[in-house]
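Each chain is listed here by its residues.
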Amino acid sequence: MLASLALALALATPGGTGPQAQDAEFQSYRAHLAAAEATLRLDEPAAAQRWLAEAPAARRGFEWRHLDAIADQSLRTLATHPEAVSGVDLDASGTRVATACADGTVRVFDLRSGTLLHTLQAHKAGVYVARFSPDGRRVATASADRSARVFDLATGAEVASFGGHANAVAAVAWSPDGQRVASCSYDVRQQPFTIEGVVRVWDPATGKEEYALRGGGKPLTALLWSQDGRHLAASSWDFAVFLWEARADAKPLALHFPDEGVYRGLDSVALHPDHTLVAGGAQDGTVRVFALPDGKEVAVLRSQGRGARSLAFTPDGRHLAVGCTDATIRIHAVADWQPVARLRGHAAAVRALRFTADGATLVSASADRTVRVFDTAAFDHGVPLLRHGTACYGVPFSPDGTRLASCGYDGSVALWDTATMERIAHWKPHADGEAGSCHVLGFSGDGRYLHTCSYDKTIRIFDLTTGRESARLEHEGPVYAAALSRDAKYAAGGIRRTAKVELWDVAQGRSIASLQAPGGAATLAFRPDGRQLAAACGDKTVRVWSVPEGREVLVLQGHRAGPESVAWRADGSRLASCGGDGSVHVFDVEAGKDLGVAWQSDTALYRVAWSPDGARLAAGGVAGIAILDPERRSLLLLARPLRDAVWHLAFSADGTRLAACSWDGTFAVLDTRGRAVVAAARAAARSAQARAAQWFAANQAGRDATALAAAIAADQELDAAARRAAADLLLRRELGLRAIALPPGAQAGGYERGTGSNR
């Protein structure tokens with residue numbers, strides 16, 4: 001319903017006042033985007049994917065690709081089945097996947113290639129669960145046909161069948177030594193009429209029952225054997241988790257969910273690897289976690305997708321994954337039970353989850369008939385928040401897109417590897433506090449130099465081949481705005497609370513012109529060809545000077561309040577600006593003309609950036625990140641990945657990513673690339689890091705930064721990726737990787753608390 005409403009609103013809302021505002025195809029595109037974004041907010045990724053697929057292909061831009069990427073975050077679909085998939089399992093080696101399907105079959109696939117290895121015509125009714133034996137040679141199954149069976153994978157033959165249950169068998173579990181199988185169901189007694197949950201333990205070689213365990217007055221729905229072989233755990237529609245010792249006549253520890261006025265039958269159970277915790281998932285969307293052995297409740301996770309159908313702890317025990325009826329998978333940190341990720345990709349309830357032994361891969365099964373594979377790297381899901389430290393003021397990409405820089409109030413600067421999102425270096429070129437606050441940083445056109453500016457009255461320029469400061473430009477007052485020309489020949493600094501901008505010759509280290517910026521310059525930007533410098537000025541104007549002469553050539557007007565940011569389009573023909581009046585303006589530089597308001601926000605805007613192809617503008621501020629079509633003066637997407645106002649944003653040079661940072665010290669990267677592309681880039685970066693580390697260890701001794709940089713550049717045995725990784729190691733050696741101060745509970749270089757969504 002919300003998606004339909006969004007579609008209607010988008011169709012009814014004019015796109016602006018431009019000449020193509022009534023373009024039917026464009027309005028259709030905007031409507032489809034609005035509907036897709038609305039369905040993602042409702043955690044309906046399948047609906048979002050349908051809206052996106054139907055959006056006019058000719059209109060698709062950054063915003064479409066971003067929504068498409070977060071609507072399906074799986075690496076790939078391993079297999080599609082003829083009916084719903086109820087169960088999934090991985091063998092001990094993590095190379096094979098077994099699936100249980102509603103069509104009565106069990107299928108075994110190669111995890112890496114997706115090749116179908118076996119199809120077992122297992123049962124006369126739907127199969128709920130399939131489990132590999134510990135040695136990987138057999139598979140045990142549970143079915144609605146009231147039987148549990150064991151198959152030999154070498155021959156595909158059934159080797160045992162257990163028919164001791166009177167009703168559907170919900171689950172099976174192997175003992176860790178492979179000598180026993182447990183299966184769960186329920187028994188019905190007529191006089192008086194009662195239902196009792198039952199677990200039966202039997203010999204997988206003969207199918208002979210050894211003993212039964214009973215618990216609760218409803219069917220048991222999921223079953224696990226603890227890794228030490230001492231306990232069995234089951235979930236129940238009797239609103240409880242039951243835990244037994246694995247022996248005849250054992251009485252259960254019953255861990256009940258309290259009556260909260262809603263149906264709370266349990267469909268899932270998970271045991272922590274160290275056996276200290278057990279979790280149960282209920283149909284009301286609540287997951288409760290209990291400590292063992294006393295059964296004390298330690299956590300309640302609510303609103304888990306309107307129903308928690310499956311649960312799994314990561315092998316290291318640090319996270320709990322919840323497969324939900326709304327088709328999402330939600331990841332919680334065990335340390336504080338906060339949500340850290342929400343994975344999308346399925347189109348229906350996620351019924352089963354399994355992690356590989358190394359925890360790097362998550363395999364899921366769904367009622368949508370698919371089995372999907374997810375990469376579990378924390379930063380790779382949704383729009384993760386990373387932390388610079390204190391208030392973050394800038395996040396530009398290097399020209400080649402392999403690095404991202406960040407700076408903040410504490411005067412520190414960090415460099416990040418954009419493939420792994422790990423910090424390469426973190427150092428303090430400026431002092432702590434307001435006296436050394438670093439407000440601006442940016443790369444030269446070749447990525448060799450990084451400039452920073454600070455309230456300590458300096459612009460500093462670092463040579464990133466050696467990590468050394470190559471220039472320091474002293475100003476008469478705090479430097480609030482700064483820019484470096486692409487060729488690093490010129491720099492400009494705007495002095496706080498004055499109307500002065502200093503234009504510098506970097507090589508000579510001297511000011512070559514003092515420019516008047518009435519009201520002070522909030523932002524400075526060199527034209528891509530370096531021939532002009534633009535400033536967002538406090539007197540409500542955008543001013544442009546020639547370089548190096550410093551002659552004022554344009555005064556552009558249109559803002560009702562002082563603009564905060566100005567940005568050049570890549571071809572230098574357009575300037576965009578935004579400001580405290582909430583407006584985004586686009587100016588024709590050659591004509592000296594305001595082309596009009598590209599977008600009007602109700603709240604202040606602080607930064608504007610052009611996409612590399614000039615087809616989109618991004619504007620950031622209190623409202624979040626607005627993606628605009630500047631020609632049609634239309635808002636296409638409003639994303640809110642950060643909790644506080646957006647202070648800076650920047651596109652990568654290839655246009656696939658948009659980084660944005662906030663005053664609260666966090667930053668996010670909106671990505672348009674598919675998960676498989678991101679994962680492949682990360683794997684390649686890891687491989688390059690390993691090669692670089694080996695080279696660096698063998699070659700760094702006795703060499704200073706200059707000599708080592710030259711050696712890295714000259715060594716033909718290093719490929720380009722390894723050369724970059726070795727250069728990163730040099731920067732870490734020279735600049736350091738200092739600890740950063742974080743508020744309680746926050747994480748460095750990883751997820752902040754939150755869902756990582758566009759909420």
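Residues numbered from 1 in each chain as written. Predicted model: local features only at pLDDT ≥ 70, side-chain atom pairs only at ≥ 80, totals over all residues. Heavy atoms only, no water.

Caption draft 1: Local environment of the overall build of the protein. Scanning the protein from N- to C-terminus turns up seven helices and 56 strands. The C-alpha radius of gyration of the protein comes to 30 Å, within 12% of the 27 Å expected for a compact globule of 759 residues. Considering only C-alpha atoms, the protein reaches an extent of 100 × 70 × 45 Å along its principal axes. Taking all contacts inside the protein whose residues are at least 6 apart in sequence as the whole, residues at least 24 apart take part in 47%. With an accessible surface of roughly 28,200 Å², the protein has 50% of that area assigned to carbon and sulfur atoms. Charged side chains in the protein number 83 positive and 82 negative. The centres of these two groups are separated by 1 Å. (Helix = DSSP H or I, 4+ residues; strand = E, 2+ residues; numbered from the N terminus. Rg over C-alpha atoms; globule rule 2.2 N^0.38 Å. Contact = heavy atoms within 4.5 Å. Areas by Shrake-Rupley, 256 points an atom, 1.4 Å probe, with all protein chains shown as cover. Lys, Arg positive; Asp, Glu negative; His and termini not counted. Charge placed at Lys NZ, Arg CZ, Asp CG, Glu CD.)

Caption draft 2: Inspection of the confidence of the model for the protein at higher detail. Looking at the protein as a whole, the pLDDT averages 91, with 93% of positions reaching at least 70. Below pLDDT 50 for its whole length, residues 1–21 participates in 35 contacts with residues either more than four positions away or in separate chains. Predicted confidence is poor over residues 742–759, with pLDDT under 50, and the contacts of this stretch with residues over four places away or in other chains come to 59 contacts. (pLDDT = per-residue confidence, 0-100.)

Caption draft 3: Up close: the sheet that holds strand 24 (residues 329–333). Taken in spatial order, the four strands line up as 22-23-24-25 in an open sheet, and their pairing is antiparallel. Of all the strands in the sheet, just strand 22 (308–313) and strand 25 (339–343) have a single pairing partner and so form its edges. Taking each pair of neighbouring strands and ignoring which way they run, the sheet shows an average axis angle of 20°. Direction of pairing for strand 23 (residues 319–324) relative to strand 24: antiparallel, over a ladder of five bridges. (Pairing = 2+ DSSP bridges. Axes fitted to C-alpha atoms, helices over the stretch in contact; angles between N-to-C directions.)

Caption draft 4: The arrangement of the nonpolar core in detail. The biggest cluster of nonpolar side chains holds 32 residues, and the ones touching the most others in it are Ile625, Leu649 and Leu658. If you list the elements that add at least two residues to this core, you get helix 2 (24–41), helix 3 (45–54), helix 4 (62–71), strand 52 (624–629), strand 53 (634–639), strand 54 (646–651), strand 55 (657–662) and strand 56 (666–671). For this core, the leading source of residues is helix 2, giving six residues. Here Ile625 is in contact with Ala619, Leu637, Leu638, Ala639, Pro641, Val646, Leu649, Leu658, Ala660 and Leu670, once residues within four sequence places are set aside. Within the second largest apolar cluster, 30 residues are counted, among which are Val150, Val172, Val201 and Trp202. (Core = buried A, V, L, I, M, F, W, Y, C linked by side-chain atoms within 4.5 Å. Buried < 20%, exposed > 50% of the residue type's maximum accessible area, 1.4 Å probe, protein only.)

Caption draft 5: Structural context of the pairing of strand 49 (residues 593–600). By the bridge criterion, five bridges tie strand 48 (residues 583–588) to strand 49 in an arrangement that is antiparallel. Residue pairing for strand 49: His585 is matched across the bridge by Val597. If you look at the hairpin formed by strand 48 and strand 49, you'll find four residues sitting between the two strands, and Gly592 has a positive phi there, around 65°.

Caption draft 6: Region of the structure containing the pattern of salt bridges. Scanning all chains against the criterion turns up 47 salt bridges. With a closest N to O distance of 2.8 Å, Asp463 and Arg448 form a salt bridge. Of the two residues, Asp463 is situated in strand 36 (residues 458–463) and Arg448 in the loop between strand 34 (438–443) and strand 35 (449–454); the sequence distance between them amounts to 15 residues. What emerges from the salt-bridge pattern is a single network uniting Asp187, Arg189, Glu196, Arg200, Glu209 and Arg214. (Salt bridge = Lys/Arg side-chain N within 4 Å of Asp/Glu carboxyl O.)

Caption draft 7: Focus on the sheet that holds strand 7 (residues 138–143). Taken in spatial order, the four strands make up an open sheet running 6-7-8-9, and their pairing is antiparallel. For this open sheet the edge positions go to strand 6 (127–132) and strand 9 (158–162), each flanked by a neighbour on one side alone. Here the strands of the sheet are splayed against their neighbours by 20° on average, with no regard to which way each runs. Pairing of strand 7 with strand 8 (residues 148–152), which is carried by five bridges, proceeds in the antiparallel orientation. When the bridges of strand 8 are listed, Thr141 appears paired with Arg149.

Caption draft 8: Examining the environment of Leu40 more closely. Tracing the backbone shows Leu40 in helix 2. For Leu40 and Trp225, which are 185 residues apart along the polypeptide, the C-alpha to C-alpha distance reads 37 Å.

Caption draft 9: Representation of the side chain of Arg607 in the model. Tracing the backbone through its elements, the reader meets Arg607 in strand 50 (residues 605–610). Although Arg607 is buried, it forms no salt bridge, and the closest oppositely charged side chain is Glu564 at an N-O distance of 5.3 Å. Not counting residues within four places of it along the chain, the set of residues in contact with Arg607 comprises Thr523, Glu564, Ser565, Cys578, Ala618, Ala619, Gly620, Trp647, His648 and Leu649.

Caption draft 10: A look at the packing of helix 2 against helix 3. Look at helix 2 against helix 3: their axes get within 8 Å of each other, and the N-to-C directions meet at 170°. Put simply, helix 2 runs roughly antiparallel to helix 3. Contacts between helix 2 and helix 3 involve His32, Leu33, Ala35, Ala36, Thr39 and Leu40 from the first element and Pro45, Ala47, Ala48, Trp51, Leu52 and Glu54 from the second. For the contact of helix 2 with helix 3, the per-class residue count stands at nine nonpolar, two polar and one charged. (Parallel < 35°, antiparallel > 145°, perpendicular 65-115°, else oblique. Nonpolar A, V, L, I, M, F, W, Y, C, P; charged D, E, K, R; others polar.)

Caption draft 11: Up close: the packing of aromatic side chains. Counted under the stated rule, the structure contains ten aromatic pairs. Aromatic side chains Phe162 and Trp202 sit 4.9 Å apart centroid to centroid with 5° between the ring planes, which places their arrangement in the stacked category. With Phe162 in strand 9 and Trp202 in strand 12 (residues 193–202), this residue pair connects regions lying 40 residues apart in the sequence. You'll find Phe162 and Trp202 in the same group, each marked buried. Here the aromatic residues Tyr606, Trp647 and Trp663 are joined through ring pairs into a cluster of three or more. When the ring centre of Trp647 is taken as origin, the NZ or CZ atom of Arg607, which lies over that ring, is 4.9 Å away. For the cation-ring pair, Arg632 lies above Phe26, with the distance from its terminal atom to the ring centre recorded as 4.9 Å. (Phe/Tyr/Trp six-rings, centres within 6.5 Å; stacked < 30°, edge-to-face > 60°. Lys NZ or Arg CZ within 6 Å of the ring centre and 35° of its normal.)

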